[in-house]
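# Survey of secondary and tertiary structure
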Amino acid sequence: MKRGRAVLGRLPLVIRRALAEPLLLAAAFGSILLATTAIAALLLHAGSASQAGVRRALDMAPLAATATVVTSSVTSGDFAKVDQAVRAGIAHAHGEVPVRVTARVESASYALRGRDKGGQPVLTRFATYEGLDGQADLVSGRWPTRKGTAGTARGTTAGTAGDTAVALSEPAARAMRVSTGDTFTVVGRLDGKPARVRVSGVFRLRDPDDPRWTGEDLLRHGTQTADFTSRGPMVVPTGVFLDRFAAGASARWLAEPDLRRLPPERLRPFSASVAGISADVRSGCPRCTVTETLSGTLLRLDHGALVARSTMLVPVLQLLVLAAYALALTARLLAEHRRMETALLRSRGGGSPRLAAMAAGEALLIALPCAPAAPFLAPVLLRLLSAFPWIEATGVEPPRAPDGSTFAVAAVVALACAAMLAAPPLLAARRTYVEEQAARGRADRPGLVQRAGADVALLVLAALAIWRLRGQDAAETTRLGGELGLDPLVGAGPALALLCGGMAALRLVPAVAKIAERATRRRPGFGPAVAARQVSRRPARYSGPALLLTMATAIGVLSLTTAATWRSAQEDRARHVAGSSLRVPALPGDDARTFTRLPGVAAAVPAHRATVVADGADATLIAADAADLGRVLLLRPDLSQLPPATLASRITGSAGRPLPVVVTPGLADTTRITAGTAAIPVRVVGVVTAMPGTPEGTPALLADLTAFRGKGAEGQVTEWWLAADGSTRDALAASGRGRDIVDAAALTAGYRDDPTAAGLQGALLLGFAAALAFAVLGFLVNTAVSARERRGEFAVLGALGVSFRQTLGLLAAEQSFVIGLSLAGGVALAVAVSAAVVPPMVSAGYATAGGLPVSLHVPWPQVAALAVAILAVLLAIVAGLARSLHRREPAAVLRAGEAS
């Protein structure tokens, strides 16, 4: 024992002073470690989720959003030069990103001799496709080669003189009623020269719905009907095509970049490079036309990643505010507990520099070990987070090891925490021993922040931030140089709102305490009366934990509300895009019985989708059978004043009157539309905020299919809208029709599993858990310190015969005041802040304009469960402290001179 005291006596004063207060300093260490670990984990999670979201978006991006198409007229003499220039321009624009370029060259029209249809010739075309043999399988025969084709220069052939060997797709051979080995004659529409062809092989595309065949309807289906009926095409080798059929030919190059290795930080620079592809190509081919969508896709992805990171920083800022206050509360308790000791040191010659050095040394002693530990704990915390099913489904891989930025963030947070921990002792060191003795008996005064009105100033700042958040599409701003970045004021809006709301609520604590004191003064009962008196006399002692609990509860409820609103918005978005449970492309021969006999189908509605001109601009027209439309249409109730059944009944037309339509707001004044060549007068009978079955923000009209056809328009059924369940989707997939189906349930799962979208939920979950940990830790420390300081008071009560039950009632009444006020205030504050910030924050997460309005969804059962769980944990802490105080012998405590 003596040796231990001797060793302790040789330690520096800072360490000896720290070891004298193990409870408070352990709480400070826990708070700093929790803050550094949670913030480092949140930032790592934000980076991982946004990168995974970009990677998934690039992997799943449709070819139409990433490919570049170059078209040009060519001749046999300049094709090689144009082809080289196009490939060189594409390669230069794509830089280090690998790109695959394939060419297709198509001839002018040829007439099939003797195959007229309705007095009109049946046309065909010769074509050559680069790499077609790798995308198709031969059904019979062989692919044509230059050696097996008629001698183009001499007019001789290995078969019949003058024959050109061609390959036909299976649908084309069926439509032309030919097979391998058959010959027929075609006549050029430009020069009138006949050409005799021989079918050398018949092939079948492996995937006719592959996006690279977009616009190649003749190749996919073998038949194309417009002003003329066309069959084919007749596929020949490139050399044969250029030698014999290049007159009036048009070429098309398709560039497919490999974006799998494109890092997220290269999105914007690569977009700028691709945007110059037209100039690169046209420098070698002035007559080329370039259609490029990749640069816009990359910019949208970069913007979406920025919005995702910005949105996920909101929980980080909330946690920063909560951690700062929790640490400030612990530091204030430590300063309060040591104020007599500090005043005594000052009276014995301890100057301000010496006291400041001691406070700073003690704070660094506690905070510095957290800086290297937190980066290694953060990945462990993220791996625990990824165990939740909805986080695991996103495919976001938590980092296995910290990077340099994680250590930098942890060091900055740890140093900031050390400064906060050292600040209260420095402020308390200004008072002398006599001033401290005099202050011990005084009632508490409002804090400096409240006396200065800083909480009101914060309220104004938070209101400004929320106003800016609600007034723009995302929490971003344009920095100097034109680059986008996070708007710090907007991102801090929710955190500031929670902080200033909680601080404003503290102004109610003294008033509520006085009301409680007056209410219990004349009523029997020991615990409530003494507790109300205690709270009324020293409200500041309880205001700290009350604010901490209020903010923690508010952050928890805000996290639950944001996650629930996000999930609800994803479901609403999927249902809106789908329009019905299932939307199936129509095939020839389909009728209602095709679908109603499938399992799970309650109704099937034929629909015609077309682009029409309304008010001088393009709009989407959906003409559907109104009879059962109300049963299949997925229309969110707040998007229309009328239910789907009523809207369906209103669009039923009558002869001799304008076509009744339901429109989106921008088309409310429309009186006429142009569908093809038909000008159709319309009458608006309803307005919906957004039209189901169309992309978000698309101007659209809804009409009855029968009434639309009655106006002289061609209303061919293009799709079927089904009210169905998952078994229908499986049945359609088994029949080979599952590829192009739009499934509301599948869209919902895809939106929810998107890493960028679900990253916010992971950040909210992590922030929520950290907030609860801060609340429990702060409440436990504050209650324990308060009880220790009041041991003498409880010893006197024990000597007077107060029972354990009465002691428990006294503590429970005191702390219930804090807990009840905090839970009620936290829930109310969270609901108010949620209504202001959650809908625009979720809308910003779409990273697109014109999305569906987001409806706030407060999960009240989960909020109630959260409140009950917090209440149970805190009351268990109170019960444990009450038992600990009651077990102490009153006589021993009084003899020790610890009476208050």
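Higher on the page you've got the structure.
Here the structure is a predicted model, which is why all the values come from computation and not from measurement.

This part takes up the overall build of the protein chain. In terms of regular secondary structure, the protein chain is built from 35 helices and 23 strands. Among the 900 residues that make up the protein chain, the fraction classed as buried is 49%. At a minimum sequence separation of 6, the contacts of the protein chain that also span at least 24 residues come to 80%. As presented, the protein chain carries roughly 40,300 Å² of accessible surface, and 58% of it is formed by carbon and sulfur atoms.

Turning to helix H14 (residues 370-385), a few remarks are in order. Taking 1.5 Å per residue, 16 residues should reach 22 Å; H14 reaches 21 Å between its end C-alpha atoms and fits that length. Along its length, H14 shows its largest kink, about 30°, at Phe376, and proline Pro379 lies within four residues downstream of that point. Turning to H14, its buried residues number three or more, namely Cys370, Ala371, Ala374, Pro375, Ala378, Pro379, Leu382 and Leu385.

By the element assignment, Ile651 lies in the loop between helix H27 (644-650) and strand E18 (659-663). Residue class for Ile651 comes out buried when judged on its relative accessible area of 0%. Between the C-alpha atoms of Ile651 and Ala623, which are 28 residues apart in sequence, the distance is 9.7 Å. Leave out the neighbours within four places in its chain, and Ile651 touches Ala626, Leu629, Pro660, Val661, Val662, Val685, Leu702, Ala703 and Asp704.

Formally, a disulfide is one covalent bond, and it connects the sulfur atom of one cysteine to the sulfur atom of another. This structure, assessed with the given rule, holds 1 disulfide. A sulfur-sulfur distance of 2.0 Å marks the disulfide that ties Cys285 to Cys288. Across the S-S bond linking Cys285 and Cys288, the dihedral sits near 85°, which makes this disulfide right-handed. Look at Cys285 and you get buried, because its relative accessible area is 3%. The buried category is assigned to Cys288, whose relative accessible area is 0%.

Bringing the pattern of salt bridges into the picture now. As enumerated under the stated definition, the model contains 22 salt bridges in all. One salt bridge in this structure joins Arg593 and Asp591, with 3.5 Å as the shortest N-O distance. By relative accessible area, which is 60% here, Arg593 ends up exposed. The class of Asp591 is partly exposed, set by a relative accessible area of 28%.

Let us now look at the environment of Pro257. Examined against the element boundaries, Pro257 turns out to sit in strand E11 (residues 249-257). Judged by relative accessible area, Pro257 falls into the buried class, the value being 13%. Taking C-alpha positions, Pro257 is 9.8 Å from Ile90, a pair spaced 167 residues apart along the chain. Sequence-distant contacts of Pro257, that is, excluding residues within four places in its chain, are made with Thr66, Ala67, His94, Val97, Pro98, Val99 and Leu294.

Enumeration according to the criterion identifies 8 aromatic pairs in this entry. Plain terms: the ring middles of Tyr110 and Phe245 are 6.0 Å apart, the flat faces sit at 80° to each other, and that makes the pair edge-to-face. Pair noted here: Tyr110 is in strand E3 (residues 110-112) and Phe245 is in the loop between helix H8 (238-244) and E11, with a separation of 135 residues, a long-range link. The pair formed by Tyr110 and Phe245 is uniform in burial state, with each residue classed as buried. When the ring of Phe376 is compared with that of Phe407, the centres are 5.5 Å apart and the planes differ by 75°; the resulting orientation is edge-to-face. Note that Phe376 is positioned in helix H14 and Phe407 in helix H16 (residues 404-428), a separation of 31 residues in sequence. Residue Phe376 is classed as exposed on the basis of its relative accessible area, which comes to 52%. Through a chain of ring-to-ring contacts, three or more aromatic side chains come together here, namely Tyr110, Phe126 and Phe245.

Conventions used here
- Residues numbered from 1 in each chain as written.
- Predicted model: local features only at pLDDT ≥ 70, side-chain atom pairs only at ≥ 80, totals over all residues.
- Heavy atoms only, no water.
- Helix = DSSP H or I, 4+ residues; strand = E, 2+ residues; numbered from the N terminus.
- Buried < 20%, exposed > 50% of the residue type's maximum accessible area, 1.4 Å probe, protein only.
- Contact = heavy atoms within 4.5 Å.
- Areas by Shrake-Rupley, 256 points an atom, 1.4 Å probe, with all protein chains shown as cover.
- Expected span 1.5 Å × (residues − 1).
- Bend = angle between axes of the 7 residues up to and from the residue.
- Disulfide = S-S within 2.5 Å.
- Salt bridge = Lys/Arg side-chain N within 4 Å of Asp/Glu carboxyl O.
- Phe/Tyr/Trp six-rings, centres within 6.5 Å; stacked < 30°, edge-to-face > 60°.

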